[in-house]
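Analysis of the macromolecular model
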Amino acid sequence: MTDVKGPARAFMGEQSLSEDNIYVSMTYDELDAGRAMARVKSPKAGAVVLFAGCTRDNFQSKTVTHLAYSTYAPLALRTLLSIARDIHREHQLVSISITHRLGRVDIGEESILIAVSAPHRKAGWAAGEECLERVKDRVEIWKEEWFEDGGIWRSNRDGQAGMPVVDASNEKASSD
């Protein structure tokens, strides 16, 4: 269960996987856009594109207080690496970096940074967008969206319905 502080940390710092010109990571710490861009900059790139996904303050006219993300990091990192490899190859990128935040993410804070470098801007824009859609569709990261009146478990897709977050310990006690 998540409380107002967010889920417990499974690790400290950043966990990552990397290969030549491909970097993926997860962290409970605030994300650093400058660091993400620095990972992909290259003299071979004419374009660096950065996408920063931020927590907004509302969803379907309801006030959002924060989001909370959880995962099994070893599995999610392997999926992120697979996506990054495919995007790197398909769009002929110079480099790609994907970092996803875990735990509590407050309003205005970033939950994901995708940085790509490419010889030309068109490939960079397309790669960034396609990468985000694949991450939302495939990566084993679960999102809780918290409102003033409680939380909803959501898939990591925009606008899909969710299930109310319940305290499993209270649920068990009430069934005894």
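The structure reproduced in this document is the subject of the present report. These numbers come from a predicted model, not from an experiment. (Residues numbered from 1 in each chain as written. Predicted model: local features only at pLDDT ≥ 70, side-chain atom pairs only at ≥ 80, totals over all residues. Heavy atoms only, no water.)

It is worth spelling out the overall build of the protein chain at this point. When helices and strands are counted, the protein chain shows four helices and 11 strands. Relative to its 176 residues, the protein chain shows a buried fraction of 44%. Looking at the protein chain alone, contacts between residues at least 24 apart form 68% of all its contacts between residues at least 6 apart. Counting only carbon and sulfur atoms, one obtains 50% of the accessible surface of the protein chain, whose full area is about 9,500 Å². (Helix = DSSP H or I, 4+ residues; strand = E, 2+ residues; numbered from the N terminus. Buried < 20%, exposed > 50% of the residue type's maximum accessible area, 1.4 Å probe, protein only. Contact = heavy atoms within 4.5 Å. Areas by Shrake-Rupley, 256 points an atom, 1.4 Å probe, with all protein chains shown as cover.)

Here the focus is the nonpolar core. In terms of nonpolar packing, the biggest core is built from 35 residues, with M26, L80, I96, I98, C131 and V135 touching the most fellow members. Those elements giving two or more residues to this core turn out to be strand 2 (22–27), strand 5 (62–71), helix 2 (73–90), strand 6 (95–101), strand 8 (110–118), helix 3 (121–138) and strand 9 (141–147). Here the element with the most residues in this core is helix 2; it accounts for eight residues. Setting aside residues up to four positions removed in sequence, C131 forms contacts with I83, I87, I96, I98 and I114. (Core = buried A, V, L, I, M, F, W, Y, C linked by side-chain atoms within 4.5 Å.)

All right, on to the packing of helix 2 against helix 3 then. Taken N-terminus to C-terminus, the directions of helix 2 and helix 3 make an angle of 155 degrees; their axes are 10 Å apart at the nearest point. One finds that helix 2 runs roughly antiparallel with respect to helix 3. For the crossing formed where helix 2 meets helix 3, the hand is right-handed. Side by side, helix 2 and helix 3 meet where T79, L80, S82, I83, D86, I87 and E90 of the first sit next to A127, E130, C131, R134, V135 and R138 of the second. Here the contact of helix 2 with helix 3 is composed, by residue class, of six nonpolar, two polar and five charged. (Axes fitted to C-alpha atoms, helices over the stretch in contact; angles between N-to-C directions. Parallel < 35°, antiparallel > 145°, perpendicular 65-115°, else oblique. Left-handed = near helix turned anticlockwise from the far one by under 90°. Nonpolar A, V, L, I, M, F, W, Y, C, P; charged D, E, K, R; others polar.)

Our focus in this paragraph is the packing of aromatic side chains. All told, the structure shown has one aromatic pair when counted by the stated rule. Directly above the ring of F147 sits K62, whose terminal nitrogen or CZ lies 4.3 Å from the centroid. (Phe/Tyr/Trp six-rings, centres within 6.5 Å; stacked < 30°, edge-to-face > 60°. Lys NZ or Arg CZ within 6 Å of the ring centre and 35° of its normal.)

On to the pairing of strand 8. Judged by how many residues are buried, strand 8 sits mostly within the fold: eight of nine residues are covered. As paired elements, strand 3 (residues 47–54) and strand 8 share eight bridges and run antiparallel to each other. Across the sheet, the residue bridging to F51 is I114, located in strand 8. Bridging between strand 6 and strand 8 involves six bridges; their strand directions are antiparallel. Looking at strand 8, one finds that I96 is bridged to V116. (Pairing = 2+ DSSP bridges.)

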